[in-house]
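Here is what each chain is made of, one letter per residue.
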Amino acid sequence: MSGRFPILMGLIGILLSVASAGAQPGSANCLAAQKRVTDQITKISDFELTKNSTQYQGPGQAIYAATLKQMNMNLQGLQASATLACSSSGGIQEGQLFPKYQVMTVIYAPPGTAGGKSASYVDYSTGSSLGTIVDVSSSFKSDYSITAGLSVGGGGNMASASLGNEWSTTQLTSTEYKISSTGKNEVKVPGPALNGIDHDYDQIWLCLNPAMTIEVAGKKITYTPGVNGPVLDQIYVYVSELKNPASMRADVAATLKSRGFTTDDYASILKADPFANGATAIDTRRFQETSTTFPYEPPLTSQDSPTISTYTVTYDGSQAVKHEADSSYAITVTASVTVGLIANLTLSTKDSWTWTQNNSTENTVGTSSSAAVAIADPSYGYTSDIAQVAVYWDTVFGSFTFAPVPVGNPFLSGVLYDKNHLPQIGQKVVLTANGRTFVTYSDKKGAYRFPGTPVGTMNGVLTAGGMTENVQLSPQPITHNLNLLK
């Protein structure tokens, strides 16, 4: 697994419902749990018989494999539940824990435009993969075996947690589950009324009512994630508001105050955004490049308005740059708790809860995500050594971040012309080389640039405006002009 990002969250209360369920072998609870296991095994056997059917041939093979994997995960959860229900070591001890909050995702603001309301935005809806992978096993004492009780399509207390229509949960391993946006909750974040990239305008989305149901049988724990209430209660907070709570919107401040949030909580939440306190370096152990860049240059004259260009940015996990991440950060929240049996039995620190949100390969390789982006250029007079903006994908929270690209020497550049030799502005330019795809757009002079340095000498294919030409790449910068209409 790649690097982990632990987030320790304080508990505002532990409400216990401790009961001895009389869970003995042969009891009604035990027999019901065993039947659910038997039924699931039958479902898996029946499904395996469909492997050679037409619908699971060709591209359908991946659907078959994913479905079978999910069914086996469900079986593991049901088997864990049955083990608890049939325990003869004092029955099941059951309780609920309510962490103060959980970070759901971080939405990074796009570049802005000074001089008025920015027209830039990033828009996540269908096709996005906002969310995070969660592992809570480090909350528990090390001498317990841990199992996630989440099961899609399971029965009884193994039903998947209800997070409303906007978020879904999927079990990945015995101790990990994934929270994902369903795409029904469109998230549209504007750029600032400032030139350049300002992470004070990033949004951190919180769940304010996370809940965990804990079942203990001997030294075995099953935890089931959910929410305290009928639906997930979510809110977003700007980075600038967390850094300066006095600037916080009145309704947000009132809500967080009523939930007992403190300045220590705000400081902890900020750690979810690595750029919140001014850092600009891209940590490639967490962020994957999308190989997409945009021009970001001011108007040519004071009479011209900033250009507004719309794009679709995509992260393709099949082209992921494989890496091993070993960095981590921790967010620690201290809050008062009501200590009870479940906390005393199970928690490694009885007044805190640990969410581990990570960027495992489940969240990178094979994943695809997209978002609509509008980029308004900076205002006239903007001076910078930045000519382009690059897009990266956050493997922890499934969102896109934007980073400036210094002018430098691109490894491939040129100008797009029409048949009258006039430069073509805002044209999409695609380079395919060595199994990877790079995307950029021509600027106000028709120029395009692919930043960076290719590895060695290789052949590439350049496509723009319906025209395709071969190009020879090398470690030395190459200039290749392209006539779109010959």
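Residues numbered from 1 in each chain as written. Predicted model: local features only at pLDDT ≥ 70, side-chain atom pairs only at ≥ 80, totals over all residues. Heavy atoms only, no water.

Caption draft 1: Summary view of the overall build of the chain. In terms of helices and strands, the chain carries six helices and 27 strands. Scored against the burial criterion, the 486 residues of the chain give a buried share of 51%. In the chain, the proportion of contacts linking residues at least 24 apart, taken out of those at least 6 apart, comes to 77%. Total accessible area on the chain stands at roughly 21000 Å², and carbon and sulfur atoms take up 52% of it. (Helix = DSSP H or I, 4+ residues; strand = E, 2+ residues; numbered from the N terminus. Buried < 20%, exposed > 50% of the residue type's maximum accessible area, 1.4 Å probe, protein only. Contact = heavy atoms within 4.5 Å. Areas by Shrake-Rupley, 256 points an atom, 1.4 Å probe, with all protein chains shown as cover.)

Caption draft 2: A look at the confidence of the model for the chain. Taken residue by residue, the chain gives an average pLDDT of 74. The fraction at 70 or more is 73%. Predicted confidence is poor over residues 319–340, with pLDDT under 50, and the contacts of this stretch with residues over four places away or in other chains come to 76 contacts. Considering only residues more than four positions removed or in separate chains, one finds that residues 361–366, a stretch of pLDDT under 50, has 21 contacts. (pLDDT = per-residue confidence, 0-100.)

Caption draft 3: How the structure looks around the nonpolar core. Core analysis: the biggest nonpolar cluster contains 39 residues, and I107, V122, Y124, F294 and F400 have the highest contact counts within it. When sequence neighbours within four positions are dropped, the list of residues in contact with I107 reads V122, Y124, L130, V187, V189, D202, Q203, W205 and S399. In this structure, L206, M248, V396 and F397 belong to the second largest nonpolar core, which totals 28 residues. (Core = buried A, V, L, I, M, F, W, Y, C linked by side-chain atoms within 4.5 Å.)

Caption draft 4: Just the packing of aromatic side chains, in detail. Counted under the stated rule, the structure contains 15 aromatic pairs. Aromatic side chains Y236 and Y238 sit 5.6 Å apart centroid to centroid with 90 degrees between the ring planes, which places their arrangement in the edge-to-face category. Overall, the relative accessible area of 18% leaves Y238 in the buried class. Between the aromatic rings of F275 and F287, the centroid separation amounts to 5.4 Å while the plane-to-plane angle is 40 degrees, which identifies the pairing as tilted. With a gap of twelve residues between them, F275 in the loop between α5 (263–270) and β14 (287–295) and F287 in strand β14 connect regions that are remote in the sequence. Pair check on accessibility: F275 and F287 agree, each one buried. An aromatic cluster is built from F411, F438, Y448 and F450, whose rings are joined through pairwise contacts. Lying over the aromatic face of F261, K100 brings its terminal NZ or CZ to 5.6 Å of the ring centre. The ring of Y121 has K188 lying over it, and the distance from NZ or CZ to the ring centre is 4.3 Å. (Phe/Tyr/Trp six-rings, centres within 6.5 Å; stacked < 30°, edge-to-face > 60°. Lys NZ or Arg CZ within 6 Å of the ring centre and 35° of its normal.)

Caption draft 5: Spotlight on the environment of K428. By the secondary structure assignment, K428 is in strand β21 (residues 428–433). A relative accessible area of 44% places K428 in the partly exposed class. Distance in space between the C-alpha atoms of K428 and T463 is 8.4 Å, their sequence separation being 35 residues. Leave out the neighbours within four places in its chain, and K428 touches V439, T440, Y441, T463, A464 and G465.

Caption draft 6: Structural view of the pattern of salt bridges. Applying the stated criterion to the full structure yields nine salt bridges. Two residues, K100 and D265, come together in a salt bridge whose shortest N-O distance is 2.8 Å. Here K100, found in the loop between β2 (93–99) and β3 (102–107), pairs with D265, found in helix α5; they are 165 residues apart in sequence, far enough to count as distant. Taking the shortest distance from any N to any O, the salt bridge between D377 and K444 comes out at 2.2 Å. With D377 in the loop between β17 (368–376) and β18 (386–394) and K444 in the loop between β22 (436–441) and β23 (447–450), the pair connects residues that are 67 residues apart, well separated along the chain. Among the charged side chains, a salt-bridge network with shared partners connects E297, D443 and R449. (Salt bridge = Lys/Arg side-chain N within 4 Å of Asp/Glu carboxyl O.)

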